Amino acid sequence: FRQFNNGILISRPGGKGKILIENNDFIRAFISNNNFIGTAINLFSMHPTKMTDATISTNRIGLVSSASLEHARIGIRLSMLDRVIIENNTINFNLDAIPNENYRGIWTQVCKNIKILNNNQVINSDLVAGMANSLTGIRMDQSYGSCIEENSLQNLGYGMYFSGNS
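This is a predicted model, so every value here is computed, not measured. (Residues numbered from 1 in each chain as written. Predicted model: local features only at pLDDT ≥ 70, side-chain atom pairs only at ≥ 80, totals over all residues. Heavy atoms only, no water.)

A. Structural context of the pattern of salt bridges. In this structure the tally under the stated criterion is two salt bridges. Linking Arg60 and Asp25 is a salt bridge whose minimum nitrogen-to-oxygen distance equals 2.5 Å. Placement of the pair is Arg60 in strand β7 (residues 60–61) and Asp25 in strand β4 (residues 25–29), with a sequence separation of 35 residues. Here Asp25 falls in the partly exposed class, since its relative accessible area comes to 36%. The partner of Asp141 in a salt bridge is Arg139, with the nearest N and O atoms 2.9 Å apart. In this structure Arg139 comes out as buried when scored by relative accessible area, which is 12%. (Salt bridge = Lys/Arg side-chain N within 4 Å of Asp/Glu carboxyl O. Helix = DSSP H or I, 4+ residues; strand = E, 2+ residues; numbered from the N terminus. Buried < 20%, exposed > 50% of the residue type's maximum accessible area, 1.4 Å probe, protein only.)

What follows is the structure, encoded as structure tokens:
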């Protein structure tokens, strides 16, 4: 995927089917603070949905580059889903100053039993003082019963941020 508003957008997935998003490259998103424009992978539902077989794996989002446009604003976003596995993805940012928009590597909102594991890498090219919430590696808002293990987070404002009893 090159030059995208939304790389992959799945709205209201059915819980019974299989979703496998694997081995994709996402380069050069159009960046906007307008909703979720500039998101590489976005899965969301309007009501809590239990997934039976959903995996996001081995995707490469952004490039290691001096060009700040070679990345997404949000790497992977999930909302109102239960039982999704996110593993072995690489998310690169090239921010050398505090951005006007908030950037997220992996972001879950009102989810349950999410597994973020097995070497997900969220990396910014430079460490920028004062970045804080402007660049967060993994953010979980009201996401209960989740498991995060064996990931690498580098040069971010917040490595991980939890809100609402996550």
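The discussion continues.
B. Looking closely at the packing of aromatic side chains. Within this structure, the stated rule accounts for five aromatic pairs. Arranged with centres 5.9 Å apart and planes meeting at 75°, the rings of Phe4 and Phe26 form a pair that is edge-to-face. Of the two residues, Phe4 sits in strand β1 (residues 2–4) while Phe26 sits in strand β4, which places them 22 residues apart along the sequence. The residues Phe4 and Phe26 share a single accessibility class, namely buried. Put simply, the rings of Phe1, Phe4 and Phe26 pair up and form one aromatic cluster. Its end group placed over the ring of Phe36, Arg77 keeps NZ or CZ at 3.7 Å from the ring centre. The ring of Trp107 is capped by Arg104, whose NZ or CZ atom sits 5.4 Å from the centre of that ring. (Phe/Tyr/Trp six-rings, centres within 6.5 Å; stacked < 30°, edge-to-face > 60°. Lys NZ or Arg CZ within 6 Å of the ring centre and 35° of its normal.)

C. Local environment of the confidence of the model for the protein chain. Across the protein chain, the average pLDDT comes to 91, with 94% of residues at 70 or higher. Considering each helix and strand of the protein chain separately, the mean pLDDT is smallest for β1, with a value of 83, and largest for strand β9 (residues 85–87), with 98. (pLDDT = per-residue confidence, 0-100.)

D. Layout of the nonpolar core. Ranked by size, the top nonpolar core spans 34 residues in total, and within it Ile41, Ile56, Leu78, Val84 and Ile86 carry the most contacts. Those elements giving two or more residues to this core turn out to be β3 (18–22), β4, β5 (39–50), β6 (53–57), β8 (74–82), β10 (90–93), β11 (103–109) and β14 (135–141). Ignoring sequence-local partners within four residues, the contact set of Val84 consists of Met51, Ala54, Ile56, Leu78, Asn113, Ile114 and Lys115. (Core = buried A, V, L, I, M, F, W, Y, C linked by side-chain atoms within 4.5 Å. Contact = heavy atoms within 4.5 Å.)

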